[in-house]
Amino acid sequence: MTYKEEFITFMVRAGVLTFGDFVTKSGRKTPYFINTGNYKTGAQADALGSYYAACIHEHLGEAGGADVLFGPAYKGIPLVVTAAASLYRNYGEDYPYAFNRKEKKDHGEGGSIVGYKPQDGDRIVIIEDVITAGTAVRETMPILKACAGVKVPHMFISVDRCEVGQTPGKTAIMEVEEEFGVKVHPIVTVVDIHEYLQQNGTDPELLKAMEGYMEQYCVL
């Protein structure tokens, strides 16, 4: 079993990936739903970090394609911490990490960035949960650019739903990649989830609903 297949099983067991009848924030009816807010134990955080680390290691390699990992507040904060810890434990790759506050501090060390302070020329990798409309990325980029003359070549997320964004024929991830020049790497995609369901003898009605949803809303 690949780490992608293991990750889907992990999400299902954690109650993060569920199947049924749901309505997304955009008003679309969907047969599956992802709620990363359901991660809530130390064991889950440890496993989640390992899956992110595997994906990051696969794409950046041991030579390193980044200088610092960044987790946007709020969901990105535990993700970047556990990913950084897992990269060191599993691969011996010791990346500095940072995250932001929603409000700047005017006392103590001040500022909105906690942890490593980005420097000119740093290559920053963003660690997030999912991209729906790209709002979080558009909020994060000005924060990073205000710190120093940094580059943001990569972003890692849990799931790519592959759904069309604001531009016909393009997903939200495609829009983010074009707008900011950031390559987005998901641990799994909706295609991986569909293949997982096929291989595990899932109810044919659910498979049919998944396929209908993908045909209507996804760019594959």
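That block above? That's the structure.
Residues numbered from 1 in each chain as written. Predicted model: local features only at pLDDT ≥ 70, side-chain atom pairs only at ≥ 80, totals over all residues. Heavy atoms only, no water.

Caption draft 1: Up close: the pattern of salt bridges. Inspection of every chain in the model, using the stated rule, returns 8 salt bridges. For the salt bridge of Arg-123 with Asp-67, the shortest nitrogen-to-oxygen distance reads 3.1 Å. Residue Arg-123 is found in strand E6 (residues 123-127), and its partner Asp-67 is found in the loop between helix H2 (42-60) and strand E3 (68-71); the two are separated by 56 residues along the sequence. Since its relative accessible area comes to 26%, Asp-67 is described here as partly exposed. The salt bridge involving Lys-170 is made with Glu-178; its shortest N-O contact spans 2.8 Å. By relative accessible area, Lys-170 is classed as partly exposed at 27%. Sharing partners across several salt bridges, the network here consists of Arg-28, Arg-161 and Glu-163. (Salt bridge = Lys/Arg side-chain N within 4 Å of Asp/Glu carboxyl O. Helix = DSSP H or I, 4+ residues; strand = E, 2+ residues; numbered from the N terminus. Buried < 20%, exposed > 50% of the residue type's maximum accessible area, 1.4 Å probe, protein only.)

Caption draft 2: Spatial organisation of the environment of Arg-123. Judged by its relative accessible area of 31%, Arg-123 is partly exposed. For the pair Arg-123 and Leu-79, spaced 44 residues apart in the sequence, the C-alpha separation amounts to 18 Å.

Caption draft 3: Region of interest: helix H1 (residues 3-13). Turning to H1, its buried residues are Tyr-3, Phe-7, Ile-8, Thr-9, Phe-10 and Met-11. Taken together, the buried residues of H1 touch strand E1 (17-23), H2, strand E7 (151-160), strand E8 (183-189) and helix H6 (190-199). Gly-15 sits one or two residues past H1 and shows a positive phi near 75°. (Contact = heavy atoms within 4.5 Å.)

Caption draft 4: Summary view of the layout of surface pockets. The computed volume of the largest pocket comes to approximately 1000 Å³. If you list the elements that add at least two residues to the lining of the largest pocket, you get strand E2 (29-34), strand E4 (97-105), helix H4 (135-147), E7 and helix H5 (172-180). Here the lining of the largest pocket gets 6 residues from one element, more than from any other, and that element is H4. Partitioned by chemical class, the residues of the lining of the largest pocket number 16 nonpolar, 13 polar and 11 charged. Each pocket or cavity is described by its volume, and for the second largest pocket that value is around 200 Å³. Around the second largest pocket, the lining comprises 15 residues; the ones closest to its centre are Thr-36, Tyr-39, Leu-48, Pro-78 and Leu-79. (1 Å grid on protein atoms, 1.4 Å probe; cavity = no way out; pocket = protein on both sides within 12 Å on 5 of 7 lines; lining within 4 Å. Points joined across faces, edges and corners; volume = space filled by probe spheres on them. Nonpolar A, V, L, I, M, F, W, Y, C, P; charged D, E, K, R; others polar.)

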